[in-house]
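# Topology and contacts: notes
Here are the chains, one letter per residue:
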Amino acid sequence: MNLKLADVPLRNVIAHFTAAGVEAGYLVPTLTGLEKSILDAHGPLRDYLRRKGIHDYALQAKGQEAKKEVPAFIVLKDRLVESRATLYRPESKDGDPRIWFKHLPAHVTARNVLAVLAHEGQLYVVNASDAALLATGTDASTPLGRILSRERPADNPAAQELLAKVRTVASRGFIRTMRPGPTGIGY
């Protein structure tokens, strides 16, 4: 699974969720992955799941006995589809971390960008390639709008000021460093 194969620019999707004040993990399923019900849980997604307290693949043994299931939902414009996320490391393929969502192929196609949102021990899968679905995020009466409103930072004036500044920087897209080496980021 390669994020570069996405059918919409990933940076635009990330900017969309950043503007909403929400962090997410991202997946881009391949046709083979959808057909075999196997998606690679790549490094950034694994890190997101660990930081959100959902799962730490580094602590997981290989094999079926060690798989973990997490309540999940597939987010549609008008409803949530109950699903289940399976997180595991197979005995084969060096135990490469995997993730799967029940009912996923009925709601996405290969190369769609999927935003995975974690909230209170549950995962929500949003087909971020669906512009009409993303547009519902500003309406608190829609499933996506309710999820995003729960994930937004609390109304803290200092946090809001900082968030506005971070959004301004994030909206600029990739910013090339002006000098090489570890000091280049701060410079």
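Residues numbered from 1 in each chain as written. Predicted model: local features only at pLDDT ≥ 70, side-chain atom pairs only at ≥ 80, totals over all residues. Heavy atoms only, no water.

## Comments concerning the environment of Thr-18
- With respect to the helices and strands, Thr-18 occurs in helix α1 (residues 10-19).
- For Thr-18, a relative accessible area of 23% corresponds to the partly exposed category. (Helix = DSSP H or I, 4+ residues; strand = E, 2+ residues; numbered from the N terminus. Buried < 20%, exposed > 50% of the residue type's maximum accessible area, 1.4 Å probe, protein only.)

## Remarks on the nonpolar core
- Judged by nonpolar contacts, the single largest core of 48 residues is most densely connected at Phe-17, Ile-99, Phe-101, Leu-104, Leu-117 and Leu-123.
- What Phe-17 contacts, discounting residues up to four positions off in sequence, is Val-22, Tyr-26, Ala-115, Leu-117, Val-126, Ala-128, Leu-134 and Leu-148. (Core = buried A, V, L, I, M, F, W, Y, C linked by side-chain atoms within 4.5 Å. Contact = heavy atoms within 4.5 Å.)

## Digging into the layout of surface pockets
- What the largest pocket holds in volume is close to 200 Å³.
- Taken together, 14 residues make up the lining of the largest pocket; nearest its centre are Ile-14, Ala-24, Gly-25, Tyr-26 and Pro-44.
- Within the residue set of the lining of the largest pocket, elements represented by two or more residues are α1, β1 (25-27) and α3 (43-51).
- Among the elements that make up the lining of the largest pocket, the one with the highest residue count is α3 (four residues).
- Partitioned by chemical class, the residues of the lining of the largest pocket number nine nonpolar, three polar and two charged. (1 Å grid on protein atoms, 1.4 Å probe; cavity = no way out; pocket = protein on both sides within 12 Å on 5 of 7 lines; lining within 4 Å. Points joined across faces, edges and corners; volume = space filled by probe spheres on them. Nonpolar A, V, L, I, M, F, W, Y, C, P; charged D, E, K, R; others polar.)

## Digging into the sheet that holds strand β5 (residues 98-101)
- Strand order in this open sheet of seven strands is β1-β6-β7-β3-β4-β5-β2, and the pairing throughout is mixed. The open sheet is flanked by β1 and β2 (39-40), the only strands paired with a single partner.
- Across three bridges, β1 lies against strand β6 (residues 114-119) in antiparallel orientation. Looking across to β6, one finds that Tyr-26 is bridged to Ala-115.
- Sitting on the sheet, α1 is in contact with β1, β6 and β7 (122-127), with an inclination near 150 degrees to β1.
- With respect to the sheet, helix α5 (residues 143-151) is in contact with β3 (68-75), β4 (80-88), β6 and β7, its orientation differing from that of β6 by roughly 55 degrees. (Pairing = 2+ DSSP bridges. Axes fitted to C-alpha atoms, helices over the stretch in contact; angles between N-to-C directions.)

Don't take any of this as a statement about function, it's just geometry.
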